[in-house]
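# Notes for the structure review
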Amino acid sequence: MADMLHFEFMRNALLASILSSVACGIIGSYVVVRKIGSISGGIAHTAFGGIGLGYYLGVNPLLGVIPFSLLAAIGIGLLTRKAKVAEDTAIGAFWATGMAIGVILIGMTPGYAPNLFSYLFGNILTVPSSDLMLILLLDLLIGVVVWLFSKEFLAVSFDEEYARVSGLKTVAIDLVMLSLIALTVVIMVRVVGIVMVIALLTIPAAVARMYSRTLQGMMALAVLLSIAFNLAGLGLSWVFDVASGATVILVAALVFLLSGASRMLFRAKRS
Amino acid sequence: MSKAVICCDRLGVVLGGMNVLDELSLTIYEGDYLAILGPNGGGKTTLLRVILGLEKPTSGSITVFGEPPGRASGRIGYVPQRLFFDRDFPISVLDVVLMGRLPKLRLLQRYGRTDHMKADEAIETVGLSRLKHSRIGTLSGGELQRALIARALAGEPELLLLDEPTASVDPDMKTTIYDLLDKLKERHTIVLVTHDTGTVGHTVSRVACLNCTISMQGPASSLDTASLENIYGHPVEVVLHNHSHSGSSGRSDRHG
């Protein structure tokens, strides 16, 4: 396996693993403590429309994903919080609409759509250096916004009503947080693809929560776990010559299952 | 006469087609220690939500510190009822209490030295200094309630609003919550809603009975079984531990 590092695509894959894990550990922690995994799934799937747009316009599909996922985040956020539409309804509507737009735009694009599969299910081995730059920039943006809003994000996550009573503009703060989820989706598309984003947003943070006393601690641990899942998945996919994104997800799921089971056993023993 | 803190005048709230509050008139004065008693579904929590600006009145008027509700968040310390609490949330007692400082800070402003000082003071007042760095989910019901009171105190409020402060607390811990409130009434106007008719009588200075509207209010000593049965619609037990108020009809020694 040591020969892995001789290839540029492998070095890029490792960098992409680490950079994407930073965003997904931090933002995933908010997703888990606020229980907004399904909104995140909705944002990710709506982003397929953006991939279609990228193909249609002949630009980098990730650039199409940015406006689509942001639009989904703001749209779902406003519909549920201002228009009082049921959350699962809003998610379902955006989810299907985004996918439909993607299918139509790809159909309208002349010729064959290369690498379409990799945007759906990820292919970390084909991340070009230019995308690494984009991922790095988004990481920095997410980090700065989270640092600025840490007091507000913690307040709405822990007790939204109390935050509102305290005079915080909770809807606006929610929209900022949802937008960060949208940007994280953009980062993750390259690594695990639209369909499996939700697993890497939730599993590392969910495992980290079992062992954390503070949100910052949970974020740090989630980042490390995500890196570990990525590297293990990448290594295994290399050895067994199978799809990298899917292998990363299965590694994460296995750890999640084991830590959940050990917790159950531990609790049963104590009581 | 002291200043009025909250004035409700013929307040009405309709929720989902139901009159939850109707023709409710009530004035709460500075220095009051008022218990609002009433059955579940009698509108106690709704009244608190209106005072906090979370619910809009359908008719009538209400002012809080002379302004419409929701404008005076920095002067109110709110202690919500916490029955559905995410015990797994990774947050320390101190970080929860610091949130009491939110009304004092601007958007994106970080907690400073004063905020930490006030939070520490509040934690000491409620007697939780030992558990300051514990995860909030590890606290017992009584400790959690005191932590939430500390959060309210950290914002240096003039008015404390408590929703069922003893609902999720072990019976023998209830007294410590009331002892704490007794200490706090020196410096704060306190309003609590509860259906805990047993313990509250001997500690507050004034009671109001709420079932859709205020049916009776007066000094705590005037609380009697008849007026409570009237609003609850079924027999209740009133225990006034302070025996000088012999006018009370419920004389059983302990409340179960």
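These notes cover the structure that comes with them. In this convention, every chain numbers its residues from 1, walking through the sequence in written order. Lettering of chains starts at A and numbering of ligands starts at 1, both following the order in which they are written. Since the coordinates come from a predicted model, pLDDT governs what is reported: local features require at least 70, and pairs of side-chain atoms require 80 or more to be given and counted, while whole-chain, interface and lining totals use all residues. Side-chain numbers come from the whole structure's heavy atoms, not from hydrogens or water.

## Some words on the overall build of chain A
Going along the chain from the N terminus, every DSSP run of H or I of four or more residues is numbered as a helix, and every run of E of two or more is numbered as a strand. If you tally the helices and strands in chain A, you get 13 helices and 0 strands. Reading chain A from its N terminus to its C terminus gives the helix and strand order α-α-α-α-α-α-α-α-α-α-α-α-α. Using a 1.4 Å probe on the protein chains alone, a residue whose accessible area is under 20% of its type maximum counts as buried, one over 50% counts as exposed, and one in between counts as partly exposed. Within the span of chain A, comprising 271 residues, buried residues form 55% of the whole. Note on contacts: a residue pair qualifies if any of its non-hydrogen atoms lie within 4.5 Å across the two residues. Intrachain contacts of chain A at a sequence separation of at least 6 include 76% that bridge at least 24 residues. A 1.4 Å probe and the Shrake-Rupley method give the accessible areas. Residues count as covered only by the protein chains that appear here. Here chain A has roughly 11,700 Å² of accessible surface; of this, 74% comes from carbon and sulfur atoms.

## Observations regarding the overall build of chain B
When its secondary structure is counted, chain B shows 7 helices and 9 strands. Per-residue burial over chain B gives 53% buried out of 256 residues. Of the contacts made within chain B by residues no fewer than 6 positions apart, 66% connect residues no fewer than 24 positions apart.

## Remarks on the nonpolar core
Of all hydrophobic cores here, the largest spans 129 residues; its most connected members are A:I27, A:I43, B:I136, B:I149 and B:L181. Examining the composition of this core, we find that 15 residues originate from one element, helix α10 (residues 170-192) of chain A, more than from any other. Here, the term nonpolar core denotes a set of buried Ala, Val, Leu, Ile, Met, Phe, Trp, Tyr and Cys residues that are joined through side-chain atoms within 4.5 Å. Counting 32 residues, the second largest nonpolar core, distinct from the first, contains B:V5, B:V13, B:L161 and B:I214.

## Side note on the packing of helix α1 (residues 8-33) of chain A against helix α11 (residues 197-209) of chain A
All names here are of chain A. Two numbers describe how α1 lies on α11: the axes approach to 7 Å, and their chain directions differ by 75°. With respect to each other, α1 and α11 are oriented roughly perpendicular. Each of C24, I27, G28, S29, V31, V32 and V33 in α1 lies in contact with α11, whose residues at this interface are L200, L201, T202, A205, A206 and R209. Tallied by class, the residues present in the contact of α1 with α11 amount to 9 nonpolar, 3 polar and 1 charged. All axes are obtained by fitting lines to C-alpha atoms, using only the stretch in contact for helices, and the reported angles, taken between N-to-C directions, cover 0 to 180 degrees. Just so you know how the angles are binned, under 35 degrees is roughly parallel, over 145 roughly antiparallel, 65 to 115 roughly perpendicular, and the rest oblique. Residues are grouped as follows: Ala, Val, Leu, Ile, Met, Phe, Trp, Tyr, Cys and Pro are nonpolar; Asp, Glu, Lys and Arg are charged; every other residue, Gly included, is polar.

## Section: the interface of chain B and chain A
When the parts come together, some accessible area is lost, and that loss is often what is quoted as the size of the interface. The partner chain A presents 28 residues to the 32 residues of chain B that form the contact. Approximately 2,700 Å² of surface area, both sides summed, lies buried where chain B meets chain A, with 62% of it carried by carbon and sulfur atoms. Two parts placed together each lose some accessible area under a 1.4 Å probe, and the buried area is that loss summed for both. Of all residues in chain B, B:F89, B:P90 and B:R110 give up the largest surface area on contact with chain A, accounting jointly for 23% of the area buried on that side. Salt bridge criterion: a side-chain nitrogen from Lys or Arg within 4 Å of a carboxyl oxygen from Asp or Glu. Between chain B and chain A we count 3 salt bridges in total. The salt bridge involving A:E161 is made with B:R49; its shortest N-O contact spans 2.5 Å.

## Some points on the sheet that holds strand β2 (residues 18-29) of chain B
Residues and elements named next belong to chain B. Strands qualify as paired when DSSP identifies two bridges or more between them. Strand order in the open sheet formed by 3 strands is β2-β1-β4, with antiparallel pairing between adjacent strands. Single-partner strands in this sheet number two, and they are β2 and β4 (59-64). Direction aside, the axes of adjacent strands within the sheet are offset by 20° on average. Strand direction decides the pairing type here: strand β1 (residues 4-15) and β2, joined by 8 bridges, are antiparallel. The partner of L11 across the bridge, within β2, is L24. Along the sheet, helix α1 (residues 44-52) contacts β1, β2 and β4; its crossing angle with β1, the most-contacted strand, is approximately 120°.

## Structural notes on helix α2 (residues 37-46) of chain A
Along α2(A), 9 of the 10 residues are buried, which leaves the element largely enclosed by surrounding structure. Within the span of α2(A), buried status applies to A:G37, A:I39, A:S40, A:G41, A:G42, A:I43, A:A44, A:H45 and A:T46.

## Digging into the environment of A:I76
All names here are of chain A. Within the secondary structure, I76 is located in helix α4 (residues 61-81). Look at I76 and you get buried, because its relative accessible area is 0%. The sequence separation of I76 and A93 amounts to 17 residues, and the corresponding C-alpha distance is 9.1 Å. Look past the residues within four positions of I76 in its chain and what remains in contact with it is I39, I43, A90, I91 and F94.

## Notes on the pattern of salt bridges
For the structure on display, the rule yields 20 salt bridges over all chains. Between A:E152 and A:K151 there is a salt bridge; the shortest N-O distance is 2.9 Å. Take A:E152: its relative accessible area is 0%, and that puts it in the buried class. Judged by its relative accessible area of 7%, A:K151 falls in the buried class. Between B:R49 and B:E55 there is a salt bridge; the shortest N-O distance is 3.1 Å. Each member of the salt-bridge network shares a partner with another, and the members are A:R34, A:R81, A:E160 and A:D174.

## Here we look at the pairing of strand β3 (residues 33-37) of chain B
Residues and elements named next belong to chain B. Taken across its 5 residues, β3 has 5 buried, putting it largely inside the fold. Across the two faces of β3 the burial is the same, with Y33, A35 and L37 and L34 and I36 all buried. Of the strand pairs in this sheet, β3 and strand β7 (residues 189-194) are connected by 5 bridges, and their pairing is parallel. Note that in β7 the partner of A35 across the bridge is L192.

## Concerning the state of the cysteines
We call a pair of cysteine sulfur atoms a disulfide when they lie within 2.5 Å. Summed over all chains, the structure comprises 0 disulfides over all chains. The thiol sulfur of B:C7 is not disulfide-bonded, and the nearest other cysteine sulfur, from B:C8, lies at 7.7 Å.

## Some words on unusual backbone geometry
The phi torsion at A:D241 lies on the positive side, around 55°, for a residue other than glycine. By the element assignment, A:D241 lies in the loop between α12 (215-240) and α13 (244-270). According to the relative accessible area criterion, A:D241 is exposed, its value standing at 68%. A positive phi angle, close to 50°, is found at B:E164, a residue other than glycine. Relative to the elements of secondary structure, B:E164 occurs in the loop between β6 (159-163) and α5 (171-184).

## Here's the deal with the packing of helix α7 (residues 129-148) of chain A against helix α8 (residues 150-158) of chain A
Residues and elements named next belong to chain A. Remark: α7 packs on α8, axes separated minimally by 4 Å, with the N-to-C direction vectors making an angle of 70°. Classified by the angle between their axes, α7 and α8 sit roughly perpendicular to one another. Counted together, V146, W147 and L148 of α7 and S150, E152 and F153 of α8 form the full contact between these two elements. Looking at the contact of α7 with α8, its residues break down into 4 nonpolar, 1 polar and 1 charged.

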